Amino acid sequence: MSNQHYYSNQPQTAHDRKELTALLRGQKFTFVSDAGVFSKSGLDYGSKVLIEAMDIQQQAKVLDVGCGYGPIGLSAAKLAEHGHVTMVDINSRAVELAKENAKRNGIVNVTILVSDLLAEVADQQFDVVLTNPPIRAGKETVHAIFEQAFSSLRDGGELWIVIQKKQGAPSARTKLEELFGNVEEVTKDKGYRIYKATKRLQD
């Protein structure tokens with residue numbers, strides 16, 4: 001069994017590039033994926049559910065955590081046409097693919113970085129944080145994303161996450177409620193839950 005994960009910094013897996021097409025929010029995208037990145041064979045269902053549900057304003061400053069080869073962040077960039085999307089992933093191969101996919105789809109309002117969780121953007125504030133968290137990396141990592149996202153959101157900012165019920169949705173919701181207080185289940189589809197947690201600073 002390989003010890004390589006899609007959340008490895010430098011995947012050693014042999015390349016196996018694939019071209020994928022997807023219709024997201026009424027826009028056609030083409031993506032290149034590769035071995036050693038998340039959901040290499042096609043856009044995973046949870047990401048699709050999040051993309052269709054997320055509410056992104058045209059001027060928004062958005063962060064996509066664990067961007068993979070880019071579908072969530074690049075979809076957000078199309079919606080935030082007068083804003084900007086920062087996309088981060090620990091996986092350097094995924095980051096290179098996301099940069100390539102931004103070019104393929106003519107998307108320029110993005111910054112794409114290798115980052116261990118939110119380390120490289122810790123000094124920035126965002127209106128929206130999006131994540132399809134790396135469940136296989138463990139609960140501690142997922143909860144660290146939630147904590148760091150809370151710190152990186154401006155007052156009134158929103159964290160949007162997708163998580164499967166059987167992969168820890170109840171404990172994720174408990175953690176989000178602990179941090180944010182204000183958590184809404186926006187939609188559910190085939191066992192996937194979309195949660196929106198809104199940051200409200202106390203008076």
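Along each chain, numbering runs from 1 in the same order as the chain's sequence is written. Reporting of local features is limited, given that this is a predicted model, to residues whose pLDDT is at least 70; pairs of side-chain atoms are given and counted only at 80 or more, and all residues count toward the totals for whole chains, interfaces and linings. Working from all heavy atoms in the structure, the side-chain values ignore hydrogens and water.

(A) Structural view of the sheet that holds strand β7 (residues 153-164). At least two bridges found by DSSP between two strands is the condition for calling them paired. Numbering of helices and strands runs from the N terminus, with a helix taken as a DSSP run of H or I at least four residues long and a strand as a DSSP run of E at least two residues long. In spatial order, the strands read β5-β4-β3-β6-β7-β9-β8; together these seven strands make up an open sheet with mixed pairing. Only two strands of the sheet have a single neighbouring strand rather than two, namely β5 (110-114) and β8 (182-189). Across the sheet, the axes of successive neighbouring strands diverge by a mean angle of 15°, strand direction being ignored. Bridge count between strand β3 (residues 61-65) and strand β4 (residues 84-89): five bridges; the pairing is parallel. Its bridge partner lying in β4, Asp64 is registered against Met87. Between two residues, a contact is recorded if the distance between any of their heavy atoms is within 4.5 Å. Here an angle of 0 to 180 degrees is reported between the N-to-C directions of two axes, which are lines fitted to C-alpha atoms, with helices fitted over the stretch in contact. Of the strands in this sheet, β4 and β5 are in contact with helix α3 (residues 92-104), which crosses β5 at around 165°.

(B) Main features of the side chain of Asn132. Positionally, Asn132 belongs in the loop between β6 (126-131) and α4 (139-152). Think of it in three bands: residues with accessible area under 20% of the maximum for their type are buried, residues over 50% are exposed, and the middle band is partly exposed, with areas taken using a 1.4 Å probe on protein chains only. Residue Asn132 is classed as buried on the basis of its relative accessible area, which comes to 16%. Within the local environment of Asn132, its side chain forms a polar contact with the side chain of Asp44, the two groups lying 3.2 Å apart. For the purposes of these results, a polar contact is taken to be a pair of N or O atoms within 3.5 Å, where, inside protein, one atom must be able to donate a hydrogen and its partner to accept one; residues adjacent in sequence count only when each atom of the pair is a side-chain atom. A polar atom in the side chain of Asn132 sits 2.9 Å from the side chain of Ser47. Once residues lying within four places of it in the same chain are set aside, the contact partners of Asn132 are Phe38, Asp44, Gly46, Ser47, Val65, Ile72 and Val162.

(C) Representation of the packing of helix α1 (residues 45-53) against helix α2 (residues 71-79). Interhelical geometry of α1 versus α2 gives an angle of 15° and a closest axis separation of 10 Å. Classed by the angle they form, the pair α1 and α2 counts as roughly parallel. As for how α1 packs across α2, the hand of that crossing is right-handed. Residues Ser47, Leu50 and Ile51 of α1 touch α2, and the partners they reach there are Pro71, Ile72 and Ser75. Residues are grouped as follows: Ala, Val, Leu, Ile, Met, Phe, Trp, Tyr, Cys and Pro are nonpolar; Asp, Glu, Lys and Arg are charged; every other residue, Gly included, is polar. The class makeup of the residues in the contact of α1 with α2 is four nonpolar, two polar and no charged. Should an angle fall under 35 degrees it is called roughly parallel, over 145 degrees roughly antiparallel, and 65 to 115 degrees roughly perpendicular, with every other angle called oblique. Crossing chirality is assigned from the near helix's rotation relative to the far helix, an anticlockwise turn below a right angle marking it left-handed and a clockwise turn marking it right-handed.

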